[in-house]
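Now for the letters of each chain:
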Amino acid sequence: MEFALTPEQKLIQQTAREFADEKLAPLAAEYDRKEEFTAPQAKMLAEMGFLGMMVAEEYGGSGLDTVSYVLAMEEVSRACASTSVTMTVQNSLVCWPVEHFGTEEQKRKYLVPLATGKILGCYGLSEPSAGSDPASMATTALEDGDSYILNGSKIFISNGGVSEIALVWAQTDRELKHKGITCFIVDRGTPGFVVGAEEKKLGIRGSNTTELHFENCRVSKDNRLGALGEGFKIAMQTLDGGRIGIAAQSLGIGQACIDASIKYSHERQVFGKPLSEVQTVQFKIADMVTEVQASRLLTLYAAWMKDQGVRFSREAAMAKLHASEAANFAADMAVQIHGGYGYLRDFPVERLYRDARITEIYEGTSEIQRIVISNAALR
């Protein structure tokens, strides 16, 4: 669908590409090596208006469509996947549910600073025993006067240690299972809300990932997001959009693998000729380009469907599944093309190989995507 982009969308894509090449790419390897959160990059994302791209202008956002968001996400991810984690979490997993399910007071209080990048937020759904099955969560929220008392833990929380607010899902009526789940906005600094240690990860090491713990954490009823028992629906609808974001991130990683492989194949000499003239290498690059381009079309279509206001769960799952597997395929081929050099940190494909792996896991594993797709096809 690149051929169908509007002039405004093409401008956003070009702007994001220049920003990513000039500001993000030069420091990506350093943040990965230091395992340090890309705070300066997050600030630049805010200045570019990239942390509230789809939020209405009246709440401080850019008021753009999902297609524009995908185009910008791909470019940012191509330069630094760690930085794009902050971008996708803020846009898809935090701003979107607050805008669509929040009260006017909540939007003014939280959405405006989120969309403008004054604060960051995080999405607290996964638990030690409830990852792909959120209905089995153990975190509880018991009503107590004008408040709820939260107890439990969340794991693998992107931006968990650098966020000012957390969207937290908890059981308000365990007997109702998934229909008894409710979502809450919890402010950092609330007594009983403790951020765990930062996780040491294989890839996207310039992003921040922690646990969140709640011990008799009192949250006002004013901070309940959506209706009582509506949390599961909010979480699933939010993840549909989030999967488009991860698909776009996967596109960026996959394209970076292609770019690095093409560059290296022209520079590297083997048997007296450039590696790019070796047919086995040509075939690998052909497969990489085809898989990533197919993923790009799936992702843009899912984004377009979302912008039409129609159900897009299947399309988001297809885009996320294909794009994440294409990114991992491209990363594998890139390392193979680079040979021994691809195994060294001196070359970017080593980092890209590690960064790609998470895309098949977070915001729904590939297995979960296949369940979503097959259920939609067979019903």
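Just above, that's the structure.
Sequence order as written defines residue numbering, which begins from 1 separately in each chain. pLDDT decides what is reported in this predicted model: residues at 70 or higher carry local features, side-chain atom pairs at 80 or more are listed and counted, and totals for whole chains, interfaces and linings draw on all residues regardless. Excluded from the side-chain calculations are hydrogens and water; all other atoms, namely the structure's heavy atoms, are used.

Things to note about the overall build of the chain
Move 1: What the chain contains, in helices and strands, is ten helices and ten strands.
Move 2: For the chain, the C-alpha atoms occupy an extent of roughly 80 × 40 × 40 Å along the three principal directions.
Move 3: Whether a residue is buried, partly exposed or exposed follows from its accessible area with a 1.4 Å probe, protein chains only, as a fraction of its type maximum: under 20%, in between, or over 50%, in that order. Counting across all 379 residues of the chain, residues that qualify as buried make up 56%.
Move 4: Contacts: residue pairs with any heavy atoms within 4.5 Å of one another. Within the chain, contacts between residues at least 6 apart in sequence are counted, and of these 73% link residues at least 24 apart.
Move 5: Using a 1.4 Å probe, accessible areas were evaluated by the Shrake-Rupley method; residue-level cover was limited to the displayed protein chains. Split by element, the accessible area of the chain, about 16,300 Å² in all, is 53% carbon and sulfur. Every helix listed is a DSSP run of H or I at least four residues long, and every strand listed is a run of E at least two residues long, numbered separately from the N terminus.

Some details on the pairing of strand S5 (residues 181-187)
Move 1: In terms of burial, S5 is a largely internal element, six of the seven residues being buried.
Move 2: Direction of pairing for strand S4 (residues 165-171) relative to S5: antiparallel, over a ladder of seven bridges. Looking across to S5, one finds that Gln171 is bridged to Ile181.
Move 3: Where S5 lies against strand S8 (residues 224-225), two bridges are found, and the strand directions are antiparallel. In the strand pairing of S8, Phe184 is matched with Arg224. In this description, strands pair whenever DSSP reports at least two bridges between them.

A few points about the nonpolar core
Move 1: Buried Ala, Val, Leu, Ile, Met, Phe, Trp, Tyr and Cys residues form a nonpolar core when they are joined through side-chain atoms within 4.5 Å. Counting residues in each nonpolar core, the largest one holds 96 residues, and the members touching the most others are Leu24, Phe50, Met53, Met87, Trp169, Cys257 and Met288.
Move 2: With 14 residues, the top contributor of residues to this core is helix H6 (residues 231-267).
Move 3: Non-local contacts of Trp169, meaning those with residues more than four positions away in its chain, are made with Tyr123, Gly124, Leu125, Met137, Thr139, Lys154, Ile181, Thr182, Cys183, Gly231, Ile234 and Ala235.
Move 4: In this structure, Leu150, Val168, Phe184 and Leu212 belong to the second largest nonpolar core, which totals 15 residues.

Brief notes about the pattern of salt bridges
Once the charged atoms of two side chains with opposite charge are near each other, the side chains can pair.
Move 1: The salt bridge definition used is simple: a Lys or Arg side-chain nitrogen within 4 Å of an Asp or Glu carboxyl oxygen. Under the defined criterion, the tally for this structure stands at 21 salt bridges.
Move 2: Across the salt bridge formed by Glu74 and Arg296, the nearest N and O atoms sit 2.7 Å from each other. Residue Glu74 is located in helix H3 (residues 66-79), and its partner Arg296 is located in helix H7 (residues 279-307); the two are separated by 222 residues in the primary sequence.
Move 3: Look at Glu74 and you get buried, because its relative accessible area is 6%.
Move 4: The buried category is assigned to Arg296, whose relative accessible area is 7%.
Move 5: The residue Arg357 makes a salt bridge to Glu360 at a minimum N-O spacing of 3.3 Å.
Move 6: It is possible to trace a salt-bridge network through shared partners that takes in Asp32, Glu35, Arg205, Arg345, Glu350 and Arg354.

Structural notes on the environment of Glu30
Move 1: Secondary-structure assignment places Glu30 in helix H1 (residues 7-34).
Move 2: In the structure, Glu30 is positioned 315 residues away from Arg345 in sequence and 11 Å away in space, judged by C-alpha atoms.

Some details on the packing of aromatic side chains
Move 1: Here the aromatic set is Phe, Tyr and Trp, taking the six-membered ring for Trp, and pairing holds for ring centres within 6.5 Å; pairs whose planes are under 30 degrees apart are stacked, those over 60 apart are edge-to-face, and all others are tilted. A full pass over the atoms with the stated rule returns nine aromatic pairs.
Move 2: Judged by centre distance (5.0 Å) and plane angle (20°), the ring pair of Phe193 and Phe214 falls under stacked. Of the two residues, Phe193 is situated in strand S6 (residues 193-198) and Phe214 in strand S7 (residues 209-220); the sequence distance between them amounts to 21 residues.
Move 3: A residue is classified by how much of its surface remains accessible, and Phe214, at 2% relative accessible area, is buried.
Move 4: One aromatic cluster in this structure is built from Tyr264, Tyr341 and Phe347.

Some details on the packing of H3 against H6
Helices that pack against each other are described as a pair by the angle of their axes relative to one another and the distance between those axes.
Move 1: To define axes, lines are fitted to C-alpha atoms, for helices over the stretch in contact only, and angles between the resulting N-to-C directions are given on a 0 to 180 degree scale. Direction vectors running N to C along H3 and H6 enclose 40°, while the axes themselves pass 7 Å from each other. Relative to H6, the element H3 is oriented oblique. Relative to H6, the crossing made by H3 is right-handed. Contacts between H3 and H6 involve Thr66, Tyr69, Val70, Met73, Glu74, Ser77 and Arg78 from the former and Ile244, Gly245, Ala248, Gln249, Leu251, Gly252, Ile253, Gln255, Ala256 and Asp259 from the latter.
Move 2: Three residue categories are used. Nonpolar comprises Ala, Val, Leu, Ile, Met, Phe, Trp, Tyr, Cys and Pro, charged comprises Asp, Glu, Lys and Arg, and polar comprises the others, including Gly. Split by residue class, the contact of H3 with H6 holds eight nonpolar, six polar and three charged. To sort the angles, those under 35 degrees are grouped as roughly parallel, those over 145 as roughly antiparallel, those from 65 to 115 as roughly perpendicular, and the leftovers as oblique. In this scheme the handedness of a crossing depends on how the near helix is turned from the far one: anticlockwise by less than a right angle means left-handed, clockwise means right-handed.

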